Amino acid sequence: MKRLKFCYHMQLTFEYPARDHHFTLRCFPINDERQQIYNEYIEIYPKQYSSTQTDSFGNRCIYGTADWEHNYFAVDVRGEARVDENAKIKCSEHKTALYKYHTALTRPGSAINELYANIENIGGGSKRERAEYMM
């Protein structure tokens, strides 16, 4: 099992002071069968109120507001992950899902299906080649 450290920093600087600022953050590693997150540290500035919830895809989200005037918004996330490279990752039944549930308006079109088909056809390629193709 590998032990990895992670660090994420984001800062927005506003031209004019912001007030009544609402935000949603989705910048946290997933804790699952393949990786366990520990020693996680999260700092948000400014933060008057926040809550943590999970979205429909299982991503942890922080929702918050900052009521007073501020010229910048910053987020720092850091921690460690224990990664088991041999663990199997459960795939969604809809690999091409952009939304959790398909409707007439959210079914993936031919471009998305073609993208995923090309990824599957890179069978001889390494994981890195597949990741580079997806990027």
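Right above here is the structure, for reference.
Everything numeric in this text was worked out from a predicted model, so none of it was measured.

### Notes on the overall build of the chain
Counting secondary structure elements, the chain contains 2 helices and 6 strands. In the chain, the succession of α and β elements from N to C terminus is β-β-β-β-β-β-α-α. Relative to its 135 residues, the chain shows a buried fraction of 23%. For the chain, the proportion of contacts with a sequence separation of at least 24, taken over those separated by at least 6, is 69%. Only carbon and sulfur atoms are counted for the fraction: they give 50% of the accessible area of the chain, which is about 10,200 Å².

### Quick look at the environment of Phe23
Mapped onto the fold, Phe23 is located in strand β2 (residues 21–25). Overall, Phe23 belongs to the buried group, its relative accessible area being 7%. Considered as a pair, Phe23 and Thr65 are 42 residues apart in the sequence and their alpha carbons are 6.2 Å apart. With residues near it in sequence (within four places) discarded, Phe23 still touches Ile44, Pro46, Ile62, Tyr63, Gly64, Thr65 and Phe73.

### As for the sheet that holds strand β6 (residues 70–83)
Read across the sheet, 3 strands follow the order β1-β6-β3 without closing on themselves; strand pairing throughout is antiparallel. Whereas interior strands pair on both sides, the edge strands pair on one side only; in this sheet they are β1 (2–18) and β3 (35–45). Adjacent strand axes in the sheet meet at a mean angle of 10°, parallel and antiparallel pairs treated alike. In the sheet, β1 pairs with β6 via 13 bridges, with the strands oriented antiparallel. Residue pairing in the sheet places His9 in a bridge with Asp76 of β6.

### Description of the pairing of strand β5 (residues 60–66)
For β5, the tally of buried residues reaches 5 of 7 residues, placing the bulk of the element in the interior. Examined bridge by bridge, strand β4 (residues 49–54) and β5 share 6 bridges and lie antiparallel to one another. Within the sheet, the bridge partner assigned to Ser51 lies in β5 and is Tyr63. Here β4 folds back onto β5 in antiparallel fashion, the turn holding 5 residues, of which Gly58 has a positive phi close to 90°.

### Remarks on unusual backbone geometry
Cis geometry is found at the peptide bond from Tyr45 to Pro46, where omega equals -15°. Checked against the element boundaries, Pro46 lands in the loop between β3 and β4. One non-glycine residue, Asp20, adopts positive backbone phi at about 55°. Accessibility expressed as a relative area gives 47% for Asp20, which makes it partly exposed. Unusually for a residue other than glycine, Asn39 sits at a positive phi of about 55°. Tracing the backbone through its elements, the reader meets Asn39 in strand β3.

### Focus: the nonpolar core
Within the largest apolar cluster, 12 residues are counted, these being Phe6, Phe23, Leu25, Phe28, Ile37, Ile44, Ile62, Phe73, Val75, Val77, Ala81 and Val83. Taken together, the elements giving at least two residues each to this core come down to β2, β3 and β6. Take this core: its biggest share by element is 5 residues, from β6. Sequence-distant contacts of Leu25, defined by excluding residues within four places in its chain, comprise Met10, Ile44, Arg60, Cys61, Ile62, Phe73 and Val75.

Criteria and cut-off values
- Throughout, residues of each chain are indexed from 1 in the direction in which the sequence is written.
- This being a predicted model, a pLDDT of at least 70 is required before a residue's local features are given, and a value of 80 or more before pairs of side-chain atoms are given or counted; all residues contribute to the totals for chains, interfaces and linings.
- Computation of side-chain values: all heavy atoms of the structure, hydrogens and water removed.
- A helix here means a DSSP run of H or I that spans at least four residues, while a strand means a run of E at least two residues long, and both kinds are numbered starting from the N terminus.
- Burial classification: accessible surface area is computed with a 1.4 Å probe over protein chains only, and a residue below 20% of its type maximum counts as buried, one above 50% as exposed, and the rest as partly exposed.
- Residue contacts are counted whenever heavy atoms from the two residues lie within 4.5 Å of one another.
- Residue exposure ignores everything except the shown protein chains as possible cover, and the areas themselves are Shrake-Rupley values with a 1.4 Å probe.
- At least two bridges found by DSSP between two strands are what make those strands a pair.
- Throughout, an axis means a line fitted to C-alpha atoms (over the contacting stretch in the case of helices), and angles, computed between N-to-C directions, take values from 0 to 180 degrees.
- Side-chain atoms within 4.5 Å are what join buried Ala, Val, Leu, Ile, Met, Phe, Trp, Tyr and Cys residues into a set we call a nonpolar core.

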